[in-house]
Amino acid sequence: MRLNDLFPASGSRRKRKRVGRGPGSGWGKTGGRGTKGQKSRSGVSFKPGFEGGQMPLIRRIPKRGFRNEFKKEWAIVNLRDLVRFPAETVVDEAVLRQAGLVKGRPDGIKLLGHGEITVPLTVKVQAVSRQARARIEAAGGRVEVG
């Protein structure tokens, strides 16, 4: 076998569709755009949600409430979730992700005090409740916020 014997598999390569190149091509004259109207013209572009001049759906439906775009989304971890870690473990975001306790892309991790903890752990999170901090320190561990 030589280089000049090589060729692509059948059906893997396809010629580019050249529109508006005469009646013999099957895509001549109007070039597959139909006849007349805004969409048949060159340079046409619609904004998202445009409905041809009709009142768009987004403006027809009633609006209610308020969504704060600056709100922080916290990943919540409770003390009862930390029981699975052995004593003297440094529990940070990477460890919590590996354990499946933190998913997605939260703005921070907050530790809450639901449950009991008996083993001393070093917990590194962005926020912690007073009760959670007290229970971890009572068990001989410590909390690093930052």
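Preceding block: the structure.
Fair warning: this is a prediction, and the values are worked out from it, not measured in the lab.

Analysis parameters
- Residues numbered from 1 in each chain as written.
- Predicted model: local features only at pLDDT ≥ 70, side-chain atom pairs only at ≥ 80, totals over all residues.
- Heavy atoms only, no water.
- Salt bridge = Lys/Arg side-chain N within 4 Å of Asp/Glu carboxyl O.
- Helix = DSSP H or I, 4+ residues; strand = E, 2+ residues; numbered from the N terminus.
- Buried < 20%, exposed > 50% of the residue type's maximum accessible area, 1.4 Å probe, protein only.
- Patch = residues over 30% accessible without salt bridge, like charges linked within 9 Å, V, L, I, M, F, W, Y side chains within 5 Å.
- Areas by Shrake-Rupley, 256 points an atom, 1.4 Å probe, with all protein chains shown as cover.
- Pairing = 2+ DSSP bridges.

### Structural notes on the pattern of salt bridges
Under the counting rule described, the total for this entry stands at 5 salt bridges. Between R135 and E116 there is a salt bridge; the shortest N-O distance is 3.8 Å. On the criterion of sequence distance, the pair formed by R135 in helix 3 (residues 130-138) and E116 in the loop between strand 3 (108-112) and strand 4 (122-125) is long-range, its members being 19 residues apart. Classification of R135 as partly exposed rests on a relative accessible area of 24%. Residue class for E116 comes out exposed when judged on its relative accessible area of 58%. For E144, the salt bridge goes to R142, with nearest N and O atoms at 2.6 Å. Classification of E144 as partly exposed rests on a relative accessible area of 29%. Taking relative accessible area as the criterion, R142 reaches 47% and is therefore assigned partly exposed. Here the salt bridges share partners, and the residues they tie into one network are K124, R142 and E144.

### Describing a nonpolar patch on the surface
Taken together, the side chains of M1, L3 and L6 define a hydrophobic patch exposed on the protein surface, amounting to about 440 Å² of accessible area. Mapped onto the elements of the fold, L6 is located in the segment before helix 1 (57-60).

### Points about the sheet that holds strand 3
Strand order in the open sheet made by the 3 strands is 1-3-5, with parallel pairing throughout. In this open sheet, the two strands that pair with only one neighbour each are strand 1 (74-78) and strand 5 (127-128). When strand 3 meets strand 5, the two strands line up parallel, connected through 2 bridges. The partner of L111 across the bridge, within strand 5, is V128.

Honestly, it's all geometry; don't read function into it.
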